[in-house]
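Chain by chain, the residues:
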Amino acid sequence: MKHKKLLRVLAGESVSPPPIWLMRQAGRYLSEYRAVRAKAGSFLNLCYNPELAIEVTLQPIRRFGFDAAILFSDILVVPHALGVPLDYREGEGPVLQPVRSAEAVAKLSREAIEERLAPVYATVQGLAKSLPPETTLIGFAGVPWTVAAYIVEGQGGTDHATLIRWAWRDPQGFAALIGLLVEATTRHLLAQIQAGAEVVQLFESWGGAAPDALFQRWCIEPVTEIVRRLKAAAPEVPVIGFPRGAGAWLARYAEETGVQGIGVDQGTSLAVARAVVPDRVAIQGNLDPLVLVEGGAALDSEIDRITDLMAGAPHVFNLGHGIHQDTPPEHVAQLIERVRSRRP
Ligand code: CP3
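An account of the accompanying structure is given in this report. The structure presented is a predicted model; accordingly, all values stated were derived computationally and were not measured. (Residues numbered from 1 in each chain as written. Predicted model: local features only at pLDDT ≥ 70, side-chain atom pairs only at ≥ 80, totals over all residues. Heavy atoms only, no water.)

Looking at the pairing of strand S9 (residues 315–319)
Across the 5 residues that make up S9, a large majority, 5, are buried. Where strand S8 (residues 282–287) meets S9, 5 bridges bridge the pair, whose relative direction is parallel. In the sheet register, Ile283 faces S9, and the bridge partner there is His315. (Buried < 20%, exposed > 50% of the residue type's maximum accessible area, 1.4 Å probe, protein only. Helix = DSSP H or I, 4+ residues; strand = E, 2+ residues; numbered from the N terminus. Pairing = 2+ DSSP bridges.)

Structure, rendered in structure tokens:
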């Protein structure tokens, strides 16, 4: 019998009250995070310093008692380990040296992923030893299309025209990049599992940018291959897919990729998601990050609506996307208290 709530739900059980954690639960909305972040100097120093990364992962667990802790790291450490220069600029987000051709892909080095990311695995190992026994440890990675969006565009916040035009113009060259990312992502996740991650989440943050005719080939197929390889090596570890903006592709994504849980963003109808996602796949989501910033009666009624809609089904309470940095921590406390005290 599994005793951890998140593992029970990902095994297909409906648990009431549901387990709760929040995407990007460690971060700038917490003063104790900002203090450690200042001490680390840069965001990447924080990601690659196991002592500090363990500390910021544990901060929201100590403060709120979430049912799961997510490794503190970033999806862009994978391209960084492949040799793509990466910098996080204050107020601007990540900046990478863009890769825009098969020739540029051939220059990336797949040899040293585990060696370069050793500090990340040391963080996972340290967390596995220090978490409370009821807390589940989640590892994660970005999936190929989403990580490619940053590698090809060279930054966040674009319209993804360079990425999408490459996919249309030169499917073979683009396949070289996606294939490399399938391998690198799988190795990165397996190393986290070996270090003690009990669940892994796959972030498809820019799934919504993929045109209809490209979604199957560049979003669903690479993720299906990653899940197949993970299951071959670690069949017992559940996988959560989060295809943000997948829209009408959501059910297909849940069905074909082989995931045990599916994240639903706040723009997608939870009622429709519940109706179309196979019953064996747990649903995670989909509280609007901005109603959590607002708090008050609006937050309470949203919590109730989501709880009622998901009653009787395997559900993980979470946001529809990462927590907003302006979120008052008291609202997170209000959220947890209500989710845990309410009965549908
Ligand atoms: O959930 C957690 O608490 C674990 C940590 C985590 C971070 N990034 C820390 C972070 C996780 C799971 C991520 C995933 C991630 N990173 C995604 C997928 C989720 C999503 O939001 O769609 C993406 C797209 C990235 C890439 C990334 N990292 C961007 C675009 C930015 C800049 C945006 C911003 O908020 O500044 C980051 C930086 C980042 N990653 C921060 C944190 C806490 C803020 C940096 C800082 O503290 O200075």
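Regarding the pairing of strand S5 (residues 199–204)
Counting buried positions along S5 yields 6 of 6 residues, so the element is predominantly enclosed. Pairing geometry for strand S4 (residues 136–142) and S5, over 5 bridges, is parallel. Opposite Ile138, over in S5, you have Val199 as the bridge partner. Relative to strand S6 (residues 239–243), S5 runs parallel, the two being bridged by 5 bridges. Each bridged residue has a counterpart across the sheet, and for Glu204 the counterpart in S6 is Pro243. Of the crossover connections in this fold, the one passing from S5 over helix H12 (residues 212–233) to the parallel S6 is right-handed. (Right-handed = clockwise from strand over helix to strand, strands pointing away.)

Side note on helix H11 (residues 171–195)
Taking 1.5 Å as the rise per residue, H11 with 25 residues should run 36 Å; its terminal C-alpha atoms sit 36 Å apart, in good agreement. Looking one or two residues past H11, Gly196 carries a phi angle of roughly 130 degrees, positive in sign. (Expected span 1.5 Å × (residues − 1).)

Things to note about the nonpolar core
Trp145, Leu287, Leu292 and Leu335 are the most contacted members of the largest nonpolar core, which has 128 residues in total. Top element by residues in this core is H11. It accounts for 11 residues. (Core = buried A, V, L, I, M, F, W, Y, C linked by side-chain atoms within 4.5 Å.)

As for the site of the ligand
Around the ligand, the surrounding shell holds 22 residues, and the nearest of these are Arg24, Arg28, Tyr33, Asp74 and Ser205. Interatomic distance of 3.1 Å between a backbone N/O atom of Ala26 and an oxygen atom of the ligand. One of the side-chain nitrogen or oxygen atoms of Ser205 is found 2.5 Å away from an oxygen atom of the ligand. Summarising the interface, the protein chains cover 88% of the accessible area of the ligand, which totals 880 Å² for the free molecule. Only helix H2 (31–40) and strand S3 (93–96) provide two or more residues apiece to the shell around the ligand. A breakdown of the residues in the shell around the ligand according to their chemical character gives 13 nonpolar, 5 polar and 4 charged. (Near = heavy atom within 4 Å. Polar contact = N/O pair within 3.5 Å; in protein donor to acceptor, adjacent residues only side chain to side chain. Areas by Shrake-Rupley, 256 points an atom, 1.4 Å probe, with all protein chains shown as cover. Nonpolar A, V, L, I, M, F, W, Y, C, P; charged D, E, K, R; others polar.)

Some points on the sheet that holds S9
Spatially, 7 strands are ordered S1-S4-S5-S6-S7-S8-S9 in an open sheet, and the strand pairing comes out parallel. At either margin of the open sheet sits one strand with a lone partner, and together these are strand S1 (68–70) and S9. Pairwise comparison of adjacent strand axes, ignoring direction, gives a mean angle of 25 degrees for this sheet. (Axes fitted to C-alpha atoms, helices over the stretch in contact; angles between N-to-C directions.)

Focus on the pattern of salt bridges
According to the stated counting rule, one finds 18 salt bridges in the structure shown. Across the pair Arg187 and Glu114 runs a salt bridge, and its minimum N-O distance is 2.8 Å. Of the two residues, Arg187 is situated in helix H11 and Glu114 in helix H7 (residues 113–116); the sequence distance between them amounts to 73 residues. When its relative accessible area of 31% is taken as the criterion, Glu114 is described as partly exposed. Here Arg342 makes a salt bridge to Asp304, at a shortest N to O gap of 2.7 Å. Of the two residues, Arg342 is situated in the segment after helix H17 (329–341) and Asp304 in helix H16 (residues 296–310); the sequence distance between them amounts to 38 residues. For Asp304, a relative accessible area of 15% puts it in the buried group. Through salt bridges that share partners, Asp300, Asp304, Asp308, Arg338 and Arg342 make up one connected network. (Salt bridge = Lys/Arg side-chain N within 4 Å of Asp/Glu carboxyl O.)

None of the figures reported here should be taken as evidence of function without further support.
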